[in-house]
Amino acid sequence: MRLAFFGDIVGKTGRRAVEDHLPDLRERLALDFVVINAENAAAGFGITERICNQLFDLGADVITLGNHAWDQREALSYIEREPRLLRPANYPVGSTPGAGANLYDLSDGRRILVINAMGNLFMETLDDPFAAVERELAAAPLGVVADAVLLDFHGEATSEKMAMGVFCDGRASLVVGTHTHVPTSDTRILPGGTAYQTDAGMCGDYDSVIGMDKEEPLRRFTTRMRSGRFEPATGEATLCGVFVETDDATGLAVRCEPVRIGGQLSEYIPD
């Protein structure tokens, strides 16, 4: 299976990068399945039904969220109707709208399990993410129920993300981090066969402070004063993510490479 994951879409410029590049990438890389984290897609905060539908039309198969999942209140009801939209699985069971994982069928009969979870270090505290991920992996084991397993682990601490990679090694096709908006250079296949990258980076303008116009974040850092809200930067965005190819017999990764297109960062497109 040929999979791609793209990191946090930040505002209109991030959505434009997806529009400009994803349809061509799907064809160029012969992608079977695409997952995008879009928790910052609506003016930097949350997601709406209209934006979700735009991303699905552009080639996203599943959209994941994170700590900004509910910034747009309509997401609370929309996620109940749209199984392709996932929020972190470690929100309290039984009291949170939507799902944190789903098993999706490809047209050729293969199935992929997508899990969204959120770290607890330096984040709002949810239930134990390791227990939540274990529950989802046990429900649809790789190579038994699922032909591929992809985990978006939305977290601040690199240590927690790396620990999750080790925890899932040999039981997932890809574990990739989101939330910090900067692509890490540790794209690799772990000893047990799981593809891993600590953070996929963002689909946003890197002439910014993690995707936001520089003026307000800089003012808060230097003066500790607020004079307005954060606004997404509006320059050309870089589309950032990771490409993975799996062994159809095992579901484990045989190839893992970063993807960077456009904007401020050096470009890297897998052959």
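Numbering of residues starts from 1 in each chain and follows the order in which that chain's sequence is written. In keeping with the predicted nature of the model, local features appear solely for residues at pLDDT of at least 70, side-chain atom pairs appear and are counted solely at 80 or more, and the whole-chain, interface and lining totals rest on all residues. Derived side-chain values reflect all non-hydrogen atoms in the structure, with water molecules and hydrogen atoms excluded from consideration.

(A) Focus on the confidence of the model for the protein. Scored by pLDDT, the protein comes out at a mean of 97, with 100% of its residues at no less than 70. Mean pLDDT across the elements of the protein bottoms out in helix α6 (residues 215–223) (95) and peaks in strand β10 (residues 195–197) (99). Scored between 0 and 100, pLDDT is the confidence that the predictor attaches to each residue. Here a strand is any run of E in DSSP of at least two residues, a helix any run of H or I of at least four, and the numbering for each starts at the N terminus.

(B) Expanded view of the sheet that holds strand β9 (residues 188–189). In spatial order, the strands read β5-β6-β7-β8-β10-β9; together these six strands make up an open sheet with mixed pairing. Single-partner strands in this sheet number two, and they are β5 (101–105) and β9. A pair of strands is considered paired only if DSSP assigns at least 2 bridges between the two. With seven bridges connecting them, strand β6 (residues 111–118) and strand β7 (residues 148–154) associate as parallel partners. Within β7, the residue paired with Asn116 across the bridge is Asp152. Only heavy atoms matter for contacts: two residues are in contact if any of them lie within 4.5 Å across the pair. In this description, a line fitted to the C-alpha atoms serves as the axis of each element, helices being fitted only across the stretch in contact, and the angle between N-to-C directions of two axes falls anywhere from 0 to 180 degrees. Along the sheet, helix α4 (residues 129–139) makes contact with β5, β6 and β7, crossing β6 at roughly 170°.

(C) Broad picture of the side chain of Thr238. Note on placement: Thr238 falls in the loop between α6 and β11 (239–246). Polar contact is defined as a pair of N or O atoms within 3.5 Å, subject to the rule that within protein one atom must be able to donate a hydrogen and the other to accept it, and that residues adjacent in sequence are counted only when both atoms are side-chain atoms. From its side chain, Thr238 meets the backbone oxygen of Gly262 in a polar contact 2.8 Å long. Only 3.2 Å separates the side chain of Thr238 from the backbone nitrogen of Gln264, close enough to count as a polar contact.

(D) Representation of unusual backbone geometry. Even without being glycine, His181 reaches a positive phi, approximately 70°. Inspection of the secondary structure puts His181 in the loop between β8 (174–178) and β9. Positive phi, normally seen in glycine, also occurs at Arg224, with a value near 60°.

(E) Just the packing of aromatic side chains, in detail. Two aromatic rings, drawn from Phe, Tyr or Trp (for Trp, its six-membered ring), form a pair once their centres lie within 6.5 Å of each other, and the interplanar angle then sorts them: stacked below 30 degrees, edge-to-face above 60, tilted otherwise. In this structure the tally under the stated criterion is four aromatic pairs. A centroid spacing of 6.0 Å and a plane angle of 40° characterise the contact between Phe33 and Tyr104, whose relative ring orientation is tilted. Pair noted here: Phe33 is in strand β2 (residues 33–37) and Tyr104 is in strand β5, with a separation of 71 residues, a long-range link. Here Phe33 and Tyr104 have matching classes, each one buried. Plain terms: the ring middles of Trp70 and Tyr91 are 5.9 Å apart, the flat faces sit at 55° to each other, and that makes the pair tilted. Separated by 21 residues along the polypeptide, Trp70 in the loop between β3 (62–64) and α3 (74–81) and Tyr91 in the loop between β4 (85–86) and β5 bring together distant segments of the chain. One aromatic cluster is present, built from ring pairs that chain together Phe130, Phe153 and Phe167. One Lys or Arg, Arg84, reaches over the ring of Phe56 and ends 3.8 Å from the middle of that ring. Looking at Arg220, its charged tip hangs above the ring of Phe230, at a distance of 4.1 Å from the centre. Type-normalised accessible area, obtained with a 1.4 Å probe on protein chains alone, sets the label of each residue: buried when under 20%, exposed when over 50%, and partly exposed for intermediate values. Only Lys NZ and Arg CZ are tested; either one counts as a charge over a ring when it is within 6 Å of the ring centre and within 35 degrees of the ring normal.

(F) Looking closely at the side chain of Asn40. Along the polypeptide, Asn40 turns up in the loop between β2 and α2 (49–58). Take Asn40: its relative accessible area is 3%, and that puts it in the buried class. Once residues lying within four places of it in the same chain are set aside, the contact partners of Asn40 are Asp8, Ile9, Val10, Gly11, Phe45, Gly46, His68 and His181.

(G) Up close: the pairing of β6. β6 sits mainly inside the fold: seven of its eight residues count as buried. Between β5 and the antiparallel strand that follows it, β6, lie five residues; Gly109 among them carries a positive phi value of about 100°. Looking down the strands as they point away from you, a crossover is right-handed if its path from the first strand over the helix to the second goes clockwise. As for the winding sense of the linkage, the β-α-β connection from β6 through α4 to β7 is right-handed.

(H) Representation of the environment of Asp247 within the structure. Summarising the element assignment, Asp247 is placed in the loop between β11 and β12 (253–261). For Asp247, a relative accessible area of 30% gives the class partly exposed. Spatially, the C-alpha atom of Asp247 lies 39 Å from that of Met212, the residues being 35 residues apart in sequence. Ignoring anything within four residues of it in the chain, the contact list for Asp247 reads Leu252 and Val254.

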